[in-house]
Amino acid sequence: MKRAEDMKRVFQRAGLGIDPDADERMFADVLQARRQTTQNPITVFDRGRTIMRSPFTKVAVAAAVVVAGVIGVSLWKQTGSGLALADVLARMEQVQVYRFKMSMTWQMEGAESKPIGEGTLLVSQTLGERSAFHMDHPFTGQLVSQETFVLLPQRTMTMLMPNEKKYAIVELDDAAIEAWQGENDPKRMVEQVLKCEHTSLGRSVVDGVEVEGFRTTDTRLLGGGPLTGAEIKIWADVQTKLPVRLEIDQSAPGKGHAHVAAHDFEWDVPVDAAEFAPVIPDDYTPGPPLWQVVPKRK
Amino acid sequence: MIEDKLLILGLRRGRPQALRQVYDKYKVQLLRLAIGLVGNAHTAEDIVHDVFVRFAQSADRIGLAGSLRSYLITSVVNGVRNHVRDRKRHGETILDHAESRLSPELGPAQWAILSEELASLSEALKQLPYEQREVVCCHIETGMPLRQIAALQNVPLNTVKGRYRYGIEKLRVLLDGKVER
């Protein structure tokens, strides 16, 4: 491998300098990010890291992840109108399997809002999670589509990208499984959400169901960062005490406004384990996922 | 490895100088890797900047069992891959021929100052298919073992060995006369 050794020397000779002023500015950004993170320690909905380059898609997927995380949670304290956090928590703990849909719209500054994405999620406390997202990038028009399967018995996360005919499989170790389960524990989520300020929106009717609405603008729930105008609204069935609709609004300065809604909830739905089994088509080849939500490790 | 774990622990305990040490320790290596992979200094700077920002935001969640160095390197590779994918979906010709030429001259807000040798090397790297470029840069710039690169690329080890061999050979031809014999 003499040629390889020669080439290594070429790399070693090729010098790189650092401009000290630019370097200080870069580090100032990094330090500021650290300070913002430590000043906003609530990470209850940050279920992992999202690997994406597009700033818009980051926002949209982050919002989707937030919605997926919030679904096991009730945001409200005692409001005086009948719903109490303890009641909701007790009801939520009885749910083993639930399914819901998501829809996303994007409004460029000075333009009309338009739909750009939709998704479905099926969550089982024992089997895992299956989700499918399809997004139409508002800037580039690119179609982003991915199915994700988190299989607890098999300890794997499988991602299918139909547009690219690619797939990726990630093995989950004990720590990852434990983290995934811990972060889906409603008790733990509620305990942290209770630390946030929120208000009641009163009673109304959503999708033909009498609900009570709740609202929070605590941006720590959305991970902080460069988003503004963040708002979460939840409407819960006053009879079943389970969520009927959930909405997230957030703006990215200079880019536009994202609206994400979770709806069409089905609670305690019958489920077959086969629904969670990914089927990888024969013509798919291994490839990097479009995004990978990895349970954070303790 | 132990030094990195101590830095992460220090960072978790609120010591900003630990963040500075991580930044100073890895910035040049990550910048070199990104420049080699993406072939554009400004884009490489953006990618490495984002990697450090994400590290600063998520340091509390990074396990001490793993390697900080591998984490940062993999983050840069993923950042470049996403950039490449975004460009492809824009319908733009990427990297191989269309990125702006690297210049060793310093721009007004440029973080990385490229020597003429590095600019020439990056130009040559851009002529390689991306998979070969990734293998060559990861192995030579970071010392990442080929077996680890095979896992990163999700391909057999022999495929990576072939990409490395072909990549080196093509670089040698492109840099003919500049390779020390």
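Just above sits the structure.
Let us look at the structure shown here. Just so it is clear, the model here is predicted, and its values are computed rather than measured. (Residues numbered from 1 in each chain as written. Chains lettered and ligands numbered in written order. Predicted model: local features only at pLDDT ≥ 70, side-chain atom pairs only at ≥ 80, totals over all residues.)

1. Overview of the overall build of chain A
Along the backbone of chain A there are six helices and 13 strands. For chain A, buried positions account for 35% of its 298 residues. When contacts within chain A are restricted to residue pairs at least 6 apart in sequence, those whose partners lie at least 24 apart make up 58%. (Helix = DSSP H or I, 4+ residues; strand = E, 2+ residues; numbered from the N terminus. Buried ≥ 20, exposed ≤ 12 C-beta atoms within 10 Å, placed from the backbone. Contact = placed C-beta atoms within 7 Å.)

2. Topic: the overall build of chain B
From N to C terminus, chain B includes eight helices and one strand. For chain B, the α and β elements follow one another from N to C terminus as α-α-α-α-β-α-α-α-α. Counting across all 181 residues of chain B, residues that qualify as buried make up 44%. Long-range contacts, defined here as pairs at least 24 residues apart, represent 64% of the contacts in chain B between residues at least 6 apart.

3. Section: helix α8 (residues 157-174) of chain B
Look at α8 of chain B: 26 Å from first C-alpha to last across 18 residues, which is about the 26 Å you get at 1.5 Å a residue. Within α8 of chain B, burial applies to V160, R163, Y164, G167, I168 and L171 of chain B. For α8 of chain B, the angular spread of buried residues about the axis comes to 130 degrees, placing them on one side. Residues of α8 of chain B that are exposed and point more than 90 degrees away from the buried face comprise N158 and V173 of chain B. Turning to α8 of chain B, the residues buried within the fold contact α1 (2-13) of chain A together with α5 (116-125), α6 (130-142) and α7 (146-153) of chain B. (Expected span 1.5 Å × (residues − 1). Arc of directions from axis to C-beta.)

4. Things to note about the nonpolar core
By size, the foremost hydrophobic cluster in this structure holds 55 residues, and its most contacted members are L30, A34, A44, V48 and V76 of chain B. Per-element accounting of this core gives the leading share, ten residues, to helix α2 (residues 16-38) of chain B. Among all residues touching A44 of chain B, those that are not within four sequence positions of it are L31, A34, I35, V38 and A112 of chain B. Of all hydrophobic cores here, the second largest spans 24 residues; its members include M102, L122, I232 and V244 of chain A. (Core = buried A, V, L, I, M, F, W, Y, C linked by C-beta atoms within 7 Å.)

5. Things to note about the packing of α1 of chain A against α8 of chain B
Put simply, α1 of chain A and α8 of chain B touch, their axes get as near as 10 Å, and they point 60 degrees apart. One way to sum up the angle between α1 of chain A and α8 of chain B is to call them oblique. Considering how the two elements wind past one another, α1 of chain A and α8 of chain B form a crossing that is left-handed. Here α1 of chain A contributes R3, A4 and M7 of chain A to the contact with α8 of chain B, which in turn contributes I168, E169, L171 and R172 of chain B. Tallied by class, residues from the contact of α1 of chain A with α8 of chain B come to four nonpolar, no polar and three charged. (Axes fitted to C-alpha atoms, helices over the stretch in contact; angles between N-to-C directions. Parallel < 35°, antiparallel > 145°, perpendicular 65-115°, else oblique. Left-handed = near helix turned anticlockwise from the far one by under 90°. Nonpolar A, V, L, I, M, F, W, Y, C, P; charged D, E, K, R; others polar.)

6. Digging into α6 of chain B
All names here are of chain B. The terminal C-alpha atoms of α6 lie 17 Å apart, and with 13 residues this matches the ideal 18 Å at 1.5 Å per residue to within 8%. Among the 13 residues in α6, eleven count as buried, and that is most of the element. All of the buried residues along α6 are Q132, R133, E134, V135, V136, C137, C138, H139, I140, E141 and T142. Just beyond α6, the residue with positive phi is G143, at close to 75 degrees.

7. Brief notes about unusual backbone geometry
Positive phi, normally seen in glycine, also occurs at K165 of chain A, with a value near 55 degrees. With respect to the secondary-structure elements, K165 of chain A resides in the loop between β6 (156-161) and β7 (166-171).

8. A closer look at the pairing of strand β4 (residues 128-136) of chain A
Residues and elements named next belong to chain A. Of the pairings in the sheet, the one linking strand β3 (residues 114-124) to β4 comprises eight bridges and is antiparallel in character. Residue pairing in the sheet places T120 in a bridge with A132 of β4. Turn length for the β3-β4 hairpin, with the two strands adjacent in sequence and antiparallel, is three residues. Where β4 lies against strand β5 (residues 143-151), nine bridges are found, and the strand directions are antiparallel. Each bridged residue has a counterpart across the sheet, and for S131 the counterpart in β5 is T148. (Pairing = 2+ DSSP bridges.)

9. Quick word on the environment of L122 of chain A
All names here are of chain A. Structurally, L122 can be placed in strand β3. Owing to 20 C-beta atoms within 10 Å, L122 belongs among the buried residues under this scheme. Those residues within four positions of L122 in sequence are excluded, and the remaining contacts are R99, R130 and E275.

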